[in-house]
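# Fold and contact review
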Amino acid sequence: MNAKSARADWLITGGGPVALAFAAAISQKSRALLLSPPRCESRGRHYALNENSLRFLDSLGARPQANDVREFLLFSGGGKKPAVKLRAEEARIKRLCAVTGEEELLRELRGVLQNAQTAEAHQWKKCENKNGEIVLTEEGGKQFSGRFLAVADGANSPVARLLSVHCARGDFGQTALTMRARAPLADDCAAQWFGDCETLALLPLGGGEVSMIWSLPNARARECAGEEKTIDAEQLARFASERAGMTVAAAENAQAAKFPLFAIRRAVRACGRAVFLGDSARVIHPLAGQGLNLGFADAAELAGIAKEGGDINAAEFAAYLRRSERRGAQMHFLTSAMRAGKTANAALSAARRIPFLRRQAARFANAG
């Protein structure tokens with residue numbers, strides 16, 4: 001290979017947690033080349049990691065500092081008292097989830113990529129199959145070739161466009177508003193309010209701080225956050241306090257953000273020797289906090305069935321794709337159903353009355 005080319009068993013495109021985690025996992029048994037975009041600033045997001053994700057990160061030696069959640073308060077409608085309390089102790093598990101920041105997670109994953117080659121990738125010009133390999137070509141002419149390609153470059157995947165792999169896209173008609181805040185919740189307690197096509201969640205970060213994510217109809221989001229790109233965090237906190245029935249205050253130096261909510265599903269989950277992971281494969285509503293967990297589940301299982309040297313059994317690969325598809329479809333169905341106020345109210349009412357359902361809900365949150 002000359003200076004204008006590079007080769008590996010696996011090429012991985014993307015710079016997010018799923019791309020980095022898969023690169024770290026697959027590089028334990030194959031030559032891997034991670035092709036990431038130029039590093040950009042963290043979006044300041046926080047993730048609720050389930051037990052399977054924590055085990056996967058442990059296996060990589062990349063477990064970030066995280067705050068354990070042992071109680072989850074669930075509210076329905078305009079209720080000021082929780083309709084249901086999910087407790088790890090009642091379900092006989094250590095925690096319901098663990099909350100970590102995007103920055104901490106990426107730092108840990110970057111720290112365990114010693115066995116994977118990395119390269120900064122800019123604008124892709126071409127993606128094609130040549131002599132049984134996948135070849136990616138940059139605008140500048142540099143080529144990267146591999147036996148397999150893992151595409152984890154986000155919902156608007158440039159590589160998917162080059163492969164002509166399109167996706168079904170659905171607009172929820174909602175906007176997510178996020179920021180770091182302070183709220184009167186214990187450091188191991190999370191809270192979530194369900195309304196009709198509206199969900200407000202507060203995830204504890206420790207030290208009295210929470211990560212707030214509030215998904216609500218676009219028109220209502222404009223009322224709370226305004227039309228401008230910059231959001232008044234104090235104003236948003238006042239609206240959140242009214243909705244939650246408790247004092248929510250913007251954390252020190254908090255920056256509020258907003259982004260549209262939509263669902264996607266790739267029409268083809270695999271294309272020849274290319275496979276899609278994380279948001280490149282599907283995007284679901286964030287109300288259950290399971291998007292990253294689904295991506296980690298894909299990455300862990302795909303790395304697990306890959307053989308030394310990068311080989312992968314066709315039957316095992318087909319079975320993996322079916323399981324991945326099923327996981328995503330089940331979570332999409334659940335989140336879509338819980339967006340409806342009547343469905344959420346009925347589910348919480350049943351869980352309040354039946355201890356078995358509460359325990360099952362707690363275990364589901366824990367393992368996904």
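This is a predicted model, so every value here is computed, not measured.

## Quick look at the nonpolar core
In terms of nonpolar packing, the biggest core is built from 43 residues, with Trp-10, Ile-12, Phe-22, Phe-296 and Leu-302 touching the most fellow members. At nine residues, helix H1 (residues 17-26) tops the list of elements feeding residues into this core. Non-local contacts of Trp-10, meaning those with residues more than four positions away in its chain, are made with Phe-22, Ile-26, Ser-30, Arg-31, Ala-32, Leu-33, Phe-148, Leu-149, Ala-150, Val-275, Leu-302 and Gly-310. Trp-214, Leu-216, Ala-221 and Val-248 belong to the second largest nonpolar core, which has 31 residues in total.

## Re the packing of aromatic side chains
Centre distance and the angle of the planes are the two values used to describe a pair of aromatic rings. According to the stated counting rule, one finds six aromatic pairs in the structure shown. The interplanar angle of 25° and the centroid separation of 4.9 Å between the aromatic rings of Trp-10 and Phe-148 together place this pair among those described as stacked. Linking Trp-10 in strand E1 (residues 5-13) with Phe-148 in strand E11 (residues 143-151), this pair joins segments that are 138 residues apart in sequence. When its relative accessible area of 1% is taken as the criterion, Trp-10 is described as buried. Geometrically, the ring pair formed by Phe-75 and Trp-193 is stacked, given 4.6 Å between the ring centres and 10° between the ring planes. Of this pair, Phe-75 sits in strand E5 (residues 71-76) while Trp-193 sits in strand E13 (residues 189-195), and the two are 118 residues apart along the sequence. The exposure class assigned to Trp-193 is buried, which follows from its relative accessible area of 0%. What links up through ring pairs into an aromatic cluster is the set Trp-10, Phe-22 and Phe-148. The residue whose ring lies beneath Arg-45 is Phe-259, and the NZ or CZ to ring-centre distance is 4.4 Å. Positioned above the aromatic ring of Phe-276 is the side chain of Arg-266, whose terminal nitrogen or guanidinium carbon lies 5.9 Å from the ring centre.

## Examining the packing of H1 against helix H8 (residues 291-305)
One way to put it is that H1 packs onto H8 with a least axis distance of 9 Å and a crossing angle of 20°. Accordingly, the angle class assigned to the pair H1 and H8 is roughly parallel. Judged by the twist between their axes, the crossing of H1 over H8 is right-handed. Contacts between H1 and H8 involve Pro-17, Val-18, Ala-21, Phe-22, Ala-25 and Ile-26 from the first element and Leu-292, Gly-295, Phe-296, Ala-299, Leu-302 and Ala-303 from the second.

## Some details on the environment of Leu-202
Checked against the element boundaries, Leu-202 lands in strand E14 (residues 198-206). Accessibility expressed as a relative area gives 0% for Leu-202, which makes it buried. C-alpha separation for the pair Leu-202 and Phe-22, spaced 180 residues apart in sequence, amounts to 29 Å. Each residue touching Leu-202, except ones within four places of it in the same chain, is listed here: Ala-183, Leu-185, Ala-190, Ala-191, Trp-193, Val-210, Ser-211, Met-212, Met-246 and Val-248.

## Description of the packing of helix H2 (residues 51-60) against H8
Running from N to C, H2 and H8 point in directions that differ by 50°, and their axes come no closer than 9 Å. By the angle between their directions, the pair H2 and H8 is classed as oblique. The interaxial crossing formed by H2 with H8 has left-handed handedness. In this structure, H2 uses Ser-53, Phe-56 and Leu-57 to contact H8, whose residues at the interface are Asn-293, Phe-296, Ala-299 and Ala-300.

## Quick word on helix H4 (residues 102-110)
For H4, every residue scored as buried is listed here: Glu-102, Leu-105, Leu-106 and Leu-109. All buried residues of H4 project into a common sector of 95° when viewed along the axis, lining one side. Those residues of H4 that are buried are in contact with H1, strand E3 (46-49), H2, strand E7 (97-101) and H8.

## Re the pattern of salt bridges
Applying the stated rule across the entire model yields 20 salt bridges. The closest approach of N and O atoms between Arg-265 and Glu-325, which form a salt bridge, is 2.5 Å. Placement of the pair is Arg-265 in strand E17 (residues 257-266) and Glu-325 in helix H9 (residues 314-338), with a sequence separation of 60 residues. When its relative accessible area of 42% is taken as the criterion, Arg-265 is described as partly exposed. Judged by relative accessible area, Glu-325 falls into the partly exposed class, the value being 23%.

## As for helix H7 (residues 233-244)
Counted at 1.5 Å a residue, the expected span for H7 with its 12 residues is 16 Å, and the 16 Å between its end C-alpha atoms agrees. For H7, the full list of buried residues reads Ala-233, Leu-236, Ala-237, Ala-240, Ser-241, Arg-243 and Ala-244. One side of H7 holds all its buried residues, which, seen down the axis, span an arc of 160°. On its buried face, H7 is in contact with strand E12 (167-182), E13, E14, strand E15 (209-217), helix H6 (218-225) and strand E16 (249-250). The opening residue of H7 is Asp-232, an N-cap whose side-chain oxygen sits 3.0 Å from the backbone nitrogen of Glu-234. At the exit of H7 stands Gly-245, carrying a positive phi of roughly 75°.

The rules behind each value
Residues numbered from 1 in each chain as written. Predicted model: local features only at pLDDT ≥ 70, side-chain atom pairs only at ≥ 80, totals over all residues. Heavy atoms only, no water. Core = buried A, V, L, I, M, F, W, Y, C linked by side-chain atoms within 4.5 Å. Buried < 20%, exposed > 50% of the residue type's maximum accessible area, 1.4 Å probe, protein only. Helix = DSSP H or I, 4+ residues; strand = E, 2+ residues; numbered from the N terminus. Contact = heavy atoms within 4.5 Å. Phe/Tyr/Trp six-rings, centres within 6.5 Å; stacked < 30°, edge-to-face > 60°. Lys NZ or Arg CZ within 6 Å of the ring centre and 35° of its normal. Axes fitted to C-alpha atoms, helices over the stretch in contact; angles between N-to-C directions. Parallel < 35°, antiparallel > 145°, perpendicular 65-115°, else oblique. Left-handed = near helix turned anticlockwise from the far one by under 90°. Arc of directions from axis to C-beta. Salt bridge = Lys/Arg side-chain N within 4 Å of Asp/Glu carboxyl O. Expected span 1.5 Å × (residues − 1). Polar contact = N/O pair within 3.5 Å; in protein donor to acceptor, adjacent residues only side chain to side chain.

From the geometry alone we can't say anything about function, so treat these as descriptive.
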